[in-house]
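A closer look at the structure
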Amino acid sequence: MNPVVTVFRKEMREMLRDKRVRSAMFIGPIFSVALMFILFGLIFSSFSKATKTTVHAIVRKHDAATDAFIKGLEKGGMTVKELPSVDAATEQIKKGEVRLALDFGDGMETSLGSNQPFKLPAYFDPSEQKAQIALSVIEKSMSAMNEVIVGKIFEEKQIDKAMLKPLSVERKEVKVGDTNTNEFLVQLLPYLIVIWAFYGAMSSASDMVAGEKERQTLETLLISPVARRQVALGKLFALATASFLATASSIATIFVFYSLKLDFLKPLFEKGLGLNFTGVLVILVALVPTTMFFASALIAISSYARNTREAQTYLAQGSILVMLPAMFSQIIGFTDFAQSRTVYAIPILNAANVIRNALIGKYDAVGIAMTVGIGAVLALIAMAWSVRLFNRETILNRI
Amino acid sequence: MNQRINPRMVRTDSLSKLFVDPKRGDVKAVQNATFEAQPGQIVGLLGKNGAGKSTLLRMLSTVLTPSSGKAWVSDFDIVANPTEVRRSIGFMSTSTALYGRMSPREILGYFGELHGLQGASLKAKVDELISRLDIGSYADGLCDKLSTGQKQRVNIARTLIHDPQVLFFDEPTSGLDVVMSQDVMRFVEEERERGKTIIYCTHIMSEVERLCDHIVCIHDGELKGQGSIEALKAQTGESSLEKAFLKVVGYNQEVLA
């Protein structure tokens with residue numbers, strides 16, 4: 001059997017028996033993606049619930065217009081409860097017992113009847129996001145009511161109702177990708193997938209060479225009649241597999257949560273999941289050189305370190321270099337950079353961008369080729385570096 | 001015993017190793033070491049801690065490259081043919097650990113494969129060593145759970161998996177209890193009986209007296225003297241090996257009084 005395969009098999013066996021590595025390869029990615037879906041699913045569903053919240057009204061005198069407006073709110077799903085005074089309302093807002101209080105005063109008709117505009121004071125705590133959401137629902141409701149009132153006036157004066165809005169914007173969405181995914185997922189998932197490609201391998205990297213130096217098992221390996229290059233490559237491929245499995249675990253979790261069709265996840269998946277077979281294939285192809293690059297760089301760092309503790313220190317610092325471009329991928333959509341091919345020349349960010357585009361069903365062949373090509377070149381350079389370190393006596397005996 | 005398969009199985013000629021240390025400057029770990037070891041012979045490398053014994057062994061096992069001089073193992077130059085050298089040697093030290101998440105059987109299989117064994121011949125060799133070293137009762141458990149003595153038996157089996165002609169033992173009984181130390185020495189003797197060439201590093205005089213056919217005294221990287229135990233005693237005029245060794249390396253004469 002080829003010694004590279006022998007070393008690879010041994011490393012895989014050891015890694016899969018190590019709880020910490022299993023956690024980084026499977027539990028970590030699955031848990032983090034699951035947690036993201038659960039937390040943000042709950043937040044998104046609470047946004048929709050906020051439109052059906054309880055609001056309070058201070059009504060000193062009921063009239064037809066006021067009652068119609070309140071009924072409109074109740075029809076929209078809100079619960080309207082009455083309060084005796086503005087003072088009571090502000091007091092209860094301060095205590096957090098009331099979210100939003102509307103002061104109808106002597107009723108809407110008092111003003112409207114005398115051709116005076118009616119202003120509805122709304123009391124709320126501006127730091128309460130649910131109050132803000134409820135307020136925007138009320139403003140929408142009031143705007144609809146305004147259209148009815150002004151519409152009647154236009155009708156009386158024989159003016160075309162369309163002139164209620166003489167200027168407006170008509171949205172015409174042009175579909176760029178083949179599929180759709182929630183914008184929030186498009187921002188966050190590439191970051192998580194790339195980060196796990198790194199962390200999936202990081203947990204075993206320190207153990208693989210620095211750990212073997214520390215336990216003095218490396219010496220027995222170096223005394224075997226196997227070229228050091230083959231030992232390095234066997235370890236490197238095992239680490240790349242760990243990285244790849246961590247990525248695959250995070251992608252698989254996305255599909256599991258999508259297929260569960262849970263109620264609280266509906267707002268996250270209301271546009272569906274843009275990730276199809278082609279998308280997954282593109283992501284995996286783009287990530288192969290990235291995982292090889294991560295694995296080679298991690299092996300080189302682990303070879304240089306005297307022991308696992310030193311290796312972990314270097315790896316923790318190295319992880320910042322991976323996190324920065326990965327983090328930038330979250331906000332790239334807000335910049336012009338996302339449309340530029342330059343992004344594909346930046347390692348890690350390019351892989352994140354390919355994932356981002358795959359989520360919306362957009363495939364830029366040149367961009368994907370650049371990502372794979374640059375990743376492959378970097379992986380080869382890092383591989384050569386790690387193999388070179390593996391051949392250096394001063395490095396391997398640096399204990 | 002002393003069956004000659006290949007004379008001068010290990011040979012060094014002015015072998016030296018210089019380490020460059022940014023703080024301490026140049027450190028001459030081994031200087032001009034010249035000695036030989038024959039098949040069926042145990043050569044003891046005797047010296048205090050830090051004398052250069054391990055560096056010498058690591059050069060012979062191709063882990064370290066000599067700074068100057070030459071050495072041959074099984075007639076292969078250690079610099080020009082390191083892979084061939086590695087094929088013919090087995091190396092064991094007490095400080096060498098085992099892979100904790102693998103079983104003894106898996107470790108033997110792994111090193112057997114690295115030495116080119118496979119299939120039925122590998123399985124047969126693994127089974128033979130498990131039986132010979134009496135490790136059958138824990139051969140399939142994880143090495144993390146083994147006692148120091150059990151680990152040392154597995155280490156011996158690992159060293160012998162490819163049936164090497166030359167064996168290097170670097171303080172193999174260090175940290176072991178008296179029973180296990182006796183077992184290790186018995187295995188070393190058995191390997192000599194099988195015609196293996198053995199280099200045995202130690203600073204324990206009783207082990208040297210029991211095992212070694214030839215002694216190389218090393219001190220501060222230099223070979224201070226060599227010969228059989230009787231020759232060293234005669235050469236120094238001392239009745240004990242310990243005193244003979246101290247005299248050879250030039251230790252404070254008052255201590256010897």
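Quick look at the structure, then. (Residues numbered from 1 in each chain as written. Chains lettered and ligands numbered in written order. Predicted model: local features only at pLDDT ≥ 70, side-chain atom pairs only at ≥ 80, totals over all residues. Heavy atoms only, no water.)

Things to note about the overall build of chain A
Selection criterion: Secondary structure elements follow DSSP: runs of H or I no shorter than four residues count as helices, runs of E no shorter than two count as strands, and numbering proceeds from the N terminus. C-alpha atoms define the radius of gyration in this analysis, and the globule rule sets the expected value at 2.2 Å times the number of residues to the power 0.38. Summary of the burial criterion: residues with accessible area below 20% of their type's maximum are buried, those above 50% are exposed, and those between are partly exposed, where the area comes from a 1.4 Å probe applied to protein chains only. All accessibility values rest on the Shrake-Rupley procedure with a 1.4 Å probe; residue burial counts only the protein chains present in the view.
What chain A contains, in helices and strands, is 14 helices and 4 strands. Its C-alpha atoms give chain A a radius of gyration of 30 Å, more than 25% over the compact-globule value 21 Å for 399 residues. With respect to the principal axes defined by its C-alpha atoms, chain A has extents near 100 × 45 × 35 Å. Taken across its 399 residues, chain A has 49% of its residues classed as buried. Summed over its atoms, the accessible surface of chain A is roughly 19800 Å², and 61% of this surface lies on carbon and sulfur atoms.

With respect to the packing of helix α1 (residues 3-16) of chain A against helix α9 (residues 228-260) of chain A
Residues and elements named next belong to chain A. Defined as follows: Axis lines are fitted to C-alpha atoms, over the contacting stretch for helices. Their N-to-C directions set the angle, which ranges from 0 to 180 degrees. Any angle from 65 to 115 degrees is called roughly perpendicular, while one under 35 is roughly parallel, one over 145 is roughly antiparallel, and all others are oblique. Should the near helix be turned anticlockwise from the far one by less than a right angle, the crossing is termed left-handed; should it be turned clockwise, right-handed. Two residues qualify as a contact provided that any one of their heavy atoms is within 4.5 Å of a heavy atom in the partner residue. Each residue is assigned to one of three groups, with Ala, Val, Leu, Ile, Met, Phe, Trp, Tyr, Cys and Pro labelled nonpolar, Asp, Glu, Lys and Arg labelled charged, and all others, Gly among them, labelled polar.
Direction vectors running N to C along α1 and α9 enclose 45°, while the axes themselves pass 8 Å from each other. Of the possible angle classes, the one that applies to α1 and α9 is oblique. Crossing of α1 against α9: the hand is right-handed. Together, P3, V4, V7, F8, E11, M12 and M15 of α1 and Q230, V231, L233, G234, K235, F237, A238, L239, T241, A242 and L245 of α9 make up the contact between the two elements. Its residues assigned to classes, the contact of α1 with α9 comprises 13 nonpolar, 3 polar and 2 charged.

So, the environment of F337(A)
Residue and element names in this part refer to chain A. Mapped onto the elements, F337 comes out in the loop between α11 (308-331) and α12 (349-359). Taking the C-alpha atoms as reference points, F337 and I93, separated by 244 residues in sequence, lie 44 Å from one another. For F337, the residues in contact, after removing those within four places along its chain, are F328, I332, T342, V343, I346 and L349.

Structural notes on the interface of chain B and chain A
To keep things clear, this is the line we draw: Throughout, the accessible surface (probe 1.4 Å) given up by two parts as they are put together, summed over both, is called the buried area. Here a salt bridge means any side-chain nitrogen of Lys or Arg lying within 4 Å of a carboxyl oxygen belonging to Asp or Glu. N or O atoms closer than or at 3.5 Å make up a polar contact, with two conditions inside protein: a donor-capable atom paired with an acceptor-capable one, and, for residues adjacent in sequence, both atoms drawn from side chains.
Tallying the contact residues gives 30 residues for chain B and 26 residues for chain A. Taking both sides of the interface into account, the surface hidden between chain B and chain A amounts to around 2700 Å²; carbon and sulfur atoms contribute 54%. Of all residues in chain B, V63(B), Y99(B) and R101(B) bury the most surface against chain A, accounting for 28% of the area lost on that side. Where chain B packs against chain A, one counts 7 salt bridges. Between E106(B) and R13(A) there is a salt bridge, with the nearest N and O atoms lying 3.9 Å from each other. There are 13 residue pairs in polar contact (both at pLDDT 80 or more) connecting chain B and chain A. Those elements giving two or more residues to the side of chain B that touches chain A turn out to be α2 (82-87), β6 (89-93) and α3 (104-114) of chain B. When residues in the side of chain B that touches chain A are grouped by element, the largest group, 5 residues, is from α3(B). Partitioning the side of chain B that touches chain A into residue classes produces 12 nonpolar, 10 polar and 8 charged.

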